[in-house]
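Coordinate inspection notes
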Amino acid sequence: YYNYPVLHLPQLTPLSFIFPSLCRNEALKGLFEGAQAPKPLKTGTTIAGVVFKDGVVLGADTRATSSEVVADKMCAKIHYIAPNIYCCGAGTAADTEKTTELLSSNLTIFSLNSGRNPRIIMAVNILQDMLYRYHGQIGANLILGGVDCTGNHLYSVGPYGSVNQVPYLAMGSGDLAALGILEDGFKPDLELERAKELVRGAIHAGIMSDLGSGNNIDICVITRQGVDYIRPYQESEYKENRKMKYKYRPGTTPVLTEKVVPLKLEVVQESVQRMDTA
Amino acid sequence: MEKHCVDSEVKGVSTGTTILAAIFDGGVVIGSDSRASIGGEYVSSRTINKVIQVHDRIFCCMAGSLADAQAVTKAAKFHLSFHSVQMESPPLVIAAASVLKELCYKNKEELQAGFITAGWDKKKGPQVYVVSLGGMVVSQPFTIGGSGSTYIYGYVDAKYKPNMSRDECLQFATNALALAMGRDNVSGGVAHLAVITEKGVEHVVVPGNKLPKFHDE
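Not measured: the values here are computed from a predicted model.

**Describing helix α4 (residues 175-185) of chain A**
Restricting attention to buried positions, one finds in α4 of chain A the residues Asp-175, Ala-178, Leu-179, Leu-182 and Gly-185 of chain A. Summarising the axial view, the buried residues of α4 of chain A lie within an arc of 145 degrees, below the 170-degree limit, and thus occupy one face. Among the structural elements, β1 (47-52), β10 (168-171) and α5 (192-209) of chain A together with β5 (42-45) of chain B are those in contact with the buried residues of α4 of chain A.

**As for the pairing of strand β4 (residues 69-72) of chain A**
Both strand β3 (residues 64-66) of chain A and β4 of chain A contribute to a ladder of three bridges, which runs antiparallel. Residue pairing for β4 of chain A: Thr-65 of chain A is matched across the bridge by Val-70 of chain A.

**Considerations on the packing of aromatic side chains**
Applying the stated criterion to the full structure yields seven aromatic pairs over all chains. Centroid distance Tyr-86 of chain A to Tyr-229 of chain A: 5.8 Å. Interplanar angle 90 degrees. Geometry classified as edge-to-face. With Tyr-86 of chain A in strand β6 (residues 85-91) and Tyr-229 of chain A in strand β12 (residues 226-234), this pair connects stretches of sequence that are 143 residues apart. With relative accessibility at 10%, the residue Tyr-86 of chain A sits in the buried group. Summarising the aromatic geometry, the rings of Phe-142 of chain B and Tyr-160 of chain B are spaced 4.4 Å apart at their centres and angled 35 degrees between planes, so their arrangement reads as tilted. With a gap of 18 residues between them, Phe-142 of chain B in strand β11 (residues 142-145) and Tyr-160 of chain B in the loop between α3 (153-159) and α4 (166-183) connect regions that are remote in the sequence.

**Re the UniProt feature "active site" (unreviewed entry) in chain A**
All names here are of chain A. Mapped onto this structure's residue numbering, the UniProt feature "active site" (unreviewed entry) falls at Thr-45. Its location among the elements puts Thr-45 in the loop between α1 (20-31) and β1. Relative accessible area serves as the criterion here: at 1%, Thr-45 is assigned to the buried category. What Thr-45 contacts, discounting residues up to four positions off in sequence, is Asp-61, Arg-63, Lys-77, Gly-89, Ala-90, Met-171, Gly-172, Ser-173, Gly-174, Asp-210, Gly-212 and Ser-213.

Procedures and definitions
- Residues numbered from 1 in each chain as written.
- Chains lettered and ligands numbered in written order.
- Predicted model: local features only at pLDDT ≥ 70, side-chain atom pairs only at ≥ 80, totals over all residues.
- Heavy atoms only, no water.
- Buried < 20%, exposed > 50% of the residue type's maximum accessible area, 1.4 Å probe, protein only.
- Helix = DSSP H or I, 4+ residues; strand = E, 2+ residues; numbered from the N terminus.
- Arc of directions from axis to C-beta.
- Contact = heavy atoms within 4.5 Å.
- Pairing = 2+ DSSP bridges.
- Phe/Tyr/Trp six-rings, centres within 6.5 Å; stacked < 30°, edge-to-face > 60°.
- UniProt positions renumbered as here; feature names shortened; annotations may be inferred.

Structure below.
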């Protein structure tokens, strides 16, 4: 019998999420006595991608912020999806991480079942379906790039499920600064070094002009031949040199007096248990 | 990207657009601009494609929330393809309009997307259907939609003639789009047009600088 076309949309309750953490956070709010509930970790990011002659170059900064504090100075924003597909994520850190992991495992299963290499358009479709189903509640702004049998592709996927194929792209809080560099320097069919330099420049502009982006720059080059994940491509000049070793040899601190007190121990109970050794 | 949002009623990327379709002698022209914006302030894409092919001779123009419109046209494409396999013949344009209407009407609380469907079929020849936000379907010889359409109602009402030639109709559509893009801030970019006839489909893209100029300084 003919099924009328129906879009299966989830029933949204006033709380919207069915994640148990939200109920917990609501309950915790009362306990905080006016103070703010814990905020989700946002990446406050600059990510960019460029299609060049032989493939795709993706770039990202490495700062993850939690309000005004830098929570992670070396966070990896370029996620592995498939051997020929990588994804940069901006927005809520947990959402981008889990969404890309889910996508990656689904594509691996598909590859094993069908015996085919995954295509970027398939990854894009899966992401679009999933994000649309959640109506923007999953805060993931993603840049998908890769090389497959149909060519070199770069796609942007928004949190509401909108998709766009583009030759160059920047997303995140530093996107406007990065886009300026990309708009100025992009040409179709760039050479590899020029493309890497363009993406580096775009991320650098984002880092300089946006407070939410900073630290190092990661670059990922995907071509037919393989993937070159350069982490970090450029390190921040503002690096502290921590020794990370805090062991001091005996005698570093001068000993002024020494008193040895032997501890008197008395045996309270003694029991012997035979071990079964076959 | 909250800084770009949230005053507009459409959440996320909106197509905030100008779309139109018009019947000429032997076919139909369907066209749109190519701008996608967020919150009416930030142009998130200058080259978005709003003219989607849902079957060999049937095209759809989307307006409203980009995510909703893309999801609906994907579902519609699937249903039309399935329908055409079951019927063993290409679907009628009214079938495409009905599929879109069914999706828009049944989910009217959650969706914010409107469409213009245009195409050619063997039974009735060239047709244009408008599927509005709430799911109303109306068949018209020509139609305009989107936020930019308000600026060109006068123009299209005055200039449309039934049974135009292909080139006259193409010029009419290009002029209308150019006028709307010139006045509406959320329409712009290039003009995407598709000419659908019994023989096939022809895509025409007019870049921004090649659009007809009307007393522009």
